[in-house]
Amino acid sequence: MTVRRSLVYSFIDRTASLVIAIASSMVIARLLSPADIGVFSVVMVLMSFLSSWRDFGAGQYLVQEPDLTDDRIRAVWTLQLCIGAGLALIALATSGLVARFYNEPRMAPIMWLLALSYLINPFGSLTYAWLMRTMRFEALTLMRASAALSGAAVSIGCAWTGLGAISLAWGSLASIVGNALVSLFFRPRGFPLLPGLREVRRVLQFGTRLTSSSLIETAAKGAPELILGKLQGMSAVGQFSRANGLLSMLTTLVTDAVGSVALPMFARQRREGGDMGHAFVRGNGYMTVVCWCFAAYLGVMAGPMILLLYGPQWTEAVDVARWLAVSMLLAGPATLSFQVLVGAGAADRLPRTMLIVATCTVMSATWGARHGAVSMAIGLCAGTSAATLVWLREVHQAVGFDLRLWSGTLVRSAVVAAGTATPAMAGMLWVGWMPEQPVLMVALTAVGGALAFVATVLAIGHPIADEIRPVLSRLRQRQG
């Protein structure tokens, strides 16, 4: 499958997941309290440390390995099964300690359900990694959409019956089960059925570097909610989580969509001897223009968006969302750094880089959390700025991209973002930052922003115009 076709399917995948996530979050935000959301969010952050070990980088190994054999596939399968079982036991053993540390008994049964998901996850993850390697994104789209739909349905059903915070844990388990069941239809014929030990050492050598990096990254991402939960309580975590969830729509729709294609694309470029520096600059241009436009729009429209999606009980999250949007703007230029380093065979750079980035994030989160969720979001902007510089330095040393070409692309992305956010800014200045009709304002400014995006991209010749012109041409032909 070509890169362009892969991106199309990847965006369809993320769009479907985004629609399901928005619909379910609108319902769940009205069925659960901020404290319920906060309890589940803290548990998920804690469990994410275990998730970093879920397959010990075996899935990424399968994607990037130039010479893949049956023995190496069996080794991947062995690690995924063993680590899944081990993580389930750890989650069960520590559930009581976590509940006592936060003085929140609801955490223990949530961890029991999430532990079960670790046992089930390997039965879908091996096929998922193979489909990623072969860029079978049409199959991945169906797998992910089925998992998201089943998880959303179960979460809403449980919340509707009044189960509270554990409703989201049941939904998470249903999502894992759905993914594993659908993967059975896409498992390749002749794929090894039994695990094996012959090439485990080779997989472990790759996974050690990647997993240590993943653990550090998880610590950096999870630190804000863990620290906030201890210093300010679960309600503050809930407000932060909803604000972060609003911004994570971009991650679902764009960052994950492009990132999932970028890793196998960079790995293929390496195998075929392509110019990875040029590929990074082009991919970075695509990412920054969409990332910055989305973040700028949400930063301006945070008030009506939160009123529309979550309701008036979540208005404390508005200022948090605005500052997180600034943090996203600052992170944009380094979004594909992880993928290009792994694809280029430079995974040995990741642990040190991740450690520096995590230190910046934890320090800024700790400083801000003492004064509340808004202050923590402001502090994260400083940490993100430092992290972006560190990532770009490592990528430049690894693949040697053209700084002049890269900076020129960033300037054009910034111009497009400013143009895209102009209709939203005009609307908010006209009616106020918390309008009485959020649905109308979101609809009008979204349409205006989309039109401004296309017009600005074409006017200044941004690289993403190469993807827009063929679409416009086909639309004209159909109208003619």
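Preceding block: the structure.
Predicted model, so just to flag it, every value in this text is computed and none were measured.

Reading the values: the criteria
- Residues numbered from 1 in each chain as written.
- Predicted model: local features only at pLDDT ≥ 70, side-chain atom pairs only at ≥ 80, totals over all residues.
- Heavy atoms only, no water.
- Helix = DSSP H or I, 4+ residues; strand = E, 2+ residues; numbered from the N terminus.
- Buried < 20%, exposed > 50% of the residue type's maximum accessible area, 1.4 Å probe, protein only.
- Contact = heavy atoms within 4.5 Å.
- Disulfide = S-S within 2.5 Å.
- Phe/Tyr/Trp six-rings, centres within 6.5 Å; stacked < 30°, edge-to-face > 60°.

### A few points about unusual backbone geometry
With phi around 55°, Asn103 is a residue other than glycine that occupies positive phi space. Topologically, Asn103 is positioned in the loop between helix H4 (70-101) and helix H5 (107-120). The class of Asn103 is exposed, set by a relative accessible area of 67%.

### Points about the side chain of Asn284
Structurally, Asn284 can be placed in helix H11 (residues 276-300). Asn284 gets classed as buried once you look at its relative accessible area, which sits at 1%. Here Asn284 is in contact with Gly332, Pro333, Ala334, Leu336, Trp406 and Leu410, once residues within four sequence places are set aside.

### Let's talk about the state of the cysteines
The tally for this structure, following the rule as stated, stands at 0 disulfides. This cysteine, Cys293, is not joined by any disulfide, and Cys291 carries the nearest cysteine sulfur, 9.2 Å off. Since its relative accessible area comes to 5%, Cys293 is described here as buried.

### Some thoughts on the packing of aromatic side chains
To describe a pair of aromatic rings, you give the distance between the ring centres and the angle between the ring planes. Tallied over the full model, the rule gives 4 aromatic pairs. Ring plane angle 85° and centroid distance 5.0 Å describe the contact between Phe101 and Tyr102, whose orientation is recorded as edge-to-face. Ring geometry for Tyr310 and Trp314: centres 6.4 Å apart, planes at 65°, overall edge-to-face. By relative accessible area, which is 0% here, Trp314 ends up buried. Cluster of aromatic residues (ring-pair linked, three or more members): Phe280, Phe401 and Trp406.

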